[in-house]
Amino acid sequence: MSTPEPVMRVTNLIKQFKQKAVLRGLNLEVSRGSVLGLLGKNGAGKTTLIECALGLLRPDSGETWLLGEPAWTLSAAAKARLGYVPQEISLYPWMKTGQLLEYTASFYPRWNDALVKQFLRDWELDGDAKIGKMSVGTRQKLAIILALAHEPELVVLDEPAASLDPAARREFLKTVLAVTAEGNRTVLFSTHITSDLERVADHVAILSMGKIVFHGELDALKDSVKRLHIAAPSPLEKTFTVPGAVHVRVDGTEALVSVRDASPQVLETIRQQYSASVKVEDLNLEDIFLEMQYEAPQ
Amino acid sequence: MAKAFAITVSTSSGAPLYRQIIDQVRARVAGGHLAAGEFLPSVRQLAEHLQINPMTVSKAYSLLEREGVIEFVRGQGMRVNPPGPAANGKARRAAIFPLLKQAAATARQLSLTPEQVIADLKSILENDDEHA
């Protein structure tokens, strides 16, 4: 079986704002049918990456392909296969919910009215409510409905849950899960909330210092990154490290090392070489995310 | 089936979600809380209940099937297999192993001898009430 063309492909992407380099030669491929969580601190460049990848922002250099076309010159047909919820939602404040839905529907060859009605019911949105008077959370819900009603192949959500309250977030997660359950649909969503990502995503990409420092299966990431608690009888050198180390902290006779793929042999070597005790700690996604901030991108 | 819904997952745990499901099903089967012949909830039901990606549940189920803990029955779902006597003992020992490892690591840090630790563990096991 040949590898199918990725739904989104970003190669060597560079984007700079004034003197500030945001993306520094970033590579990312999103394969069809995956649910990819893009994880990064505030200001890491998640939105810049998404906007470049969707052809909304012109990169300084590098290539961005989307649904088999260059993103910057995306055809209307390709755009109809794409659903996008930006982080900052600007909808026409003078319109009512129902009007905006009708207006948006008129642009698309395909529009699932039943799905829209279902969402409005589930999320208790009023068709007569004026958009300008809505809360941020309600506006976000509406934006999500607008992005899904034409049943796009690729759904891109930029910090979708950021302005929702916990109850609405749960409800929203349920919806994303339902949306992703449909076979070939690809979902990319950016977040800094690791618990949301873990429930929904099957793949994760971590953006740090302008590059993707990890991209792969979520389970593989959790299985591979561990934290070692090392205690030796005599002080450890300041330069103490371990093969595969992501972040090392040495304090006298003790060291705290987050590490990738530490084999039992590696642990045994440390035990013998330093006559140290080594305790292996599982890390949750949030811990891993924080540790990965220290890893220098390749 | 209702009993299998007692499965919970936590995103603050270091274990991947699929492994949390596997561990709990295994422990419930080994401990007799899930009897042979009982059915697990469907992938969709459990995913909805836990609010997680169905692929995660599906992965856990297929690994449990490979281990022989459960078996797929056409048109009915995943059925709990009767645990063989050896498998049963093995599974129960496997369930406590991580805790023992943790205790061993702490014992090493405290420079306790194996004899001391084993003696304490033995006394805890034999005099449950006094230490509880």
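Residues numbered from 1 in each chain as written. Chains lettered and ligands numbered in written order. Predicted model: local features only at pLDDT ≥ 70, side-chain atom pairs only at ≥ 80, totals over all residues.

Engineer: Please give an account of the overall build of chain B that cites residues and values.
Structural biologist: Secondary structure summary: chain B contains 6 helices and 2 strands in total. Overall, chain B shows an N-to-C arrangement of helices and strands of α-α-α-β-β-α-α-α. By sequence separation, contacts in chain B at least 24 residues apart represent 58% of the contacts at least 6 residues apart. (Helix = DSSP H or I, 4+ residues; strand = E, 2+ residues; numbered from the N terminus. Contact = placed C-beta atoms within 7 Å.)

Engineer: I'd like a description of the overall build of chain A, backed by residues and values.
Structural biologist: Along the backbone of chain A there are 10 helices and 14 strands. Seen through its C-alpha atoms, chain A measures out along the principal axes to roughly 75 × 45 × 40 Å. Taking the contacts inside chain A whose residues are at least 6 apart along the sequence as the reference set, 67% of them involve residues at least 24 apart.

Engineer: Please provide a residue-by-residue account of the pairing of strand E10 (residues 211-217) of chain A, values included.
Structural biologist: Residue and element names in this part refer to chain A. Here strand E9 (residues 203-208) runs beside E10; their pairing, made up of 6 bridges, is antiparallel. Bridging across to E10, Ile206 finds its partner in Phe214. Between the antiparallel neighbours E9 and E10 lie 2 residues, among them Met209 with a positive phi of about 50°. (Pairing = 2+ DSSP bridges.)

Engineer: Explain the sheet that holds strand E7 (residues 154-158) of chain A to me, and be specific about the residues and the numbers.
Structural biologist: Residues and elements named next belong to chain A. Taken in spatial order, the 6 strands of this open sheet run E6-E7-E8-E3-E9-E10, and their pairing is mixed. In the strand order of this sheet, the two ends are held by strand E6 (82-85) and E10, each with one partner. Between one strand axis and the next, the sheet turns by 15° as a mean value, whatever way the strands run. Examined bridge by bridge, strand E3 (residues 35-39) and E9 share 4 bridges and lie parallel to one another. In the strand pairing of E9, Leu39 is matched with Ile206. Across the sheet, helix H1 (residues 46-53) is in contact with E3, E7, strand E8 (186-191) and E9; its angle to E7 comes to roughly 150°. (Axes fitted to C-alpha atoms, helices over the stretch in contact; angles between N-to-C directions.)

Engineer: With reference to specific residues and values, describe the environment of A:Phe214.
Structural biologist: Residue and element names in this part refer to chain A. Its location among the elements puts Phe214 in strand E10. A residue is classified by how many C-beta atoms lie within 10 Å of it, and Phe214, with 21 of them, is buried. Measuring from C-alpha to C-alpha, the distance between Phe214 and Glu237 comes to 29 Å, with 23 residues separating the pair along the chain. (Buried ≥ 20, exposed ≤ 12 C-beta atoms within 10 Å, placed from the backbone.)

Engineer: Can you break down the environment of A:Ile50 residue by residue, with the values?
Structural biologist: Residues and elements named next belong to chain A. Relative to the helices and strands, Ile50 resides in helix H1. Between the alpha carbons of Ile50 and Leu188 there is a distance of 9.1 Å; along the sequence they are 138 residues apart. Contact partners of Ile50, with chain neighbours within four places excluded, come to Val156, Asp158 and Ser190.

Engineer: Break down the interface of chain A and chain B for me, citing the residues and quoting the values.
Structural biologist: Every contact between the two is made by 23 residues of chain A and, on the other side, 16 residues of chain B. Put simply, the parts of the chain that give the side of chain A that touches chain B at least two residues each are helix H6 (166-180), helix H7 (194-200), helix H8 (218-224) and strand E14 (277-282) of chain A. Of the residues forming the side of chain A that touches chain B, the biggest block, 5 residues, is contributed by H6(A). Residue composition of the side of chain A that touches chain B, by class: 8 nonpolar, 4 polar and 11 charged. (Nonpolar A, V, L, I, M, F, W, Y, C, P; charged D, E, K, R; others polar.)

Engineer: Could you give me a rundown of helix H5 (residues 114-126) of chain B, with the residues and numbers involved?
Structural biologist: Its 13 residues place the ends of H5(B) 18 Å apart at the C-alpha level, agreeing with the 18 Å of an ideal helix rising 1.5 Å per residue. Here H5(B) lies mainly on the outside; 0 of its 13 residues are buried. (Expected span 1.5 Å × (residues − 1).)

Engineer: Break down the packing of helix H1 (residues 17-30) of chain B against helix H3 (residues 54-67) of chain B for me, citing the residues and quoting the values.
Structural biologist: Residue and element names in this part refer to chain B. Two elements in contact, H1 and H3, have axes whose closest approach is 8 Å; the angle formed by their N-to-C orientations is 45°. With respect to each other, H1 and H3 are oriented oblique. Read as a crossing pair, H1 and H3 show a hand that is right-handed. Contacts from Leu17, Tyr18, Ile21, Ile22 and Val25 in H1 reach Thr56, Val57, Lys59, Ala60, Leu63 and Leu64 in H3. Looking at side-chain class alone, the contact of H1 with H3 contains 9 nonpolar, 1 polar and 1 charged residues. (Parallel < 35°, antiparallel > 145°, perpendicular 65-115°, else oblique. Left-handed = near helix turned anticlockwise from the far one by under 90°.)

Engineer: Any details on the environment of A:Glu281? Residues and values, ideally.
Structural biologist: Mapping A:Glu281 onto the fold places it in strand E14. It is 46 Å that separates the C-alpha atoms of A:Glu281 and A:Val116, two residues lying 165 residues apart in sequence. In this structure A:Glu281 touches A:Lys226, A:Arg227, A:His229 and B:Gly14, once residues within four positions along its chain are discounted.

Engineer: Which residues make up the nonpolar core, and what are the values?
Structural biologist: Grouped together as the largest cluster of nonpolar side chains are 75 residues, with contacts concentrated most on A:Ala53, A:Ala205 and A:Ile206. No other element matches the 6 residues that helix H5 (residues 136-148) of chain A contributes to this core. Once residues within four sequence positions are removed from consideration, A:Ala205 is found in contact with A:Leu28, A:Leu36, A:Leu38, A:Leu39, A:Ile212, A:Phe214 and A:His215. Membership of the second largest hydrophobic core comes to 22 residues, among which are B:Ile21, B:Leu50, B:Ile52 and B:Val69. (Core = buried A, V, L, I, M, F, W, Y, C linked by C-beta atoms within 7 Å.)

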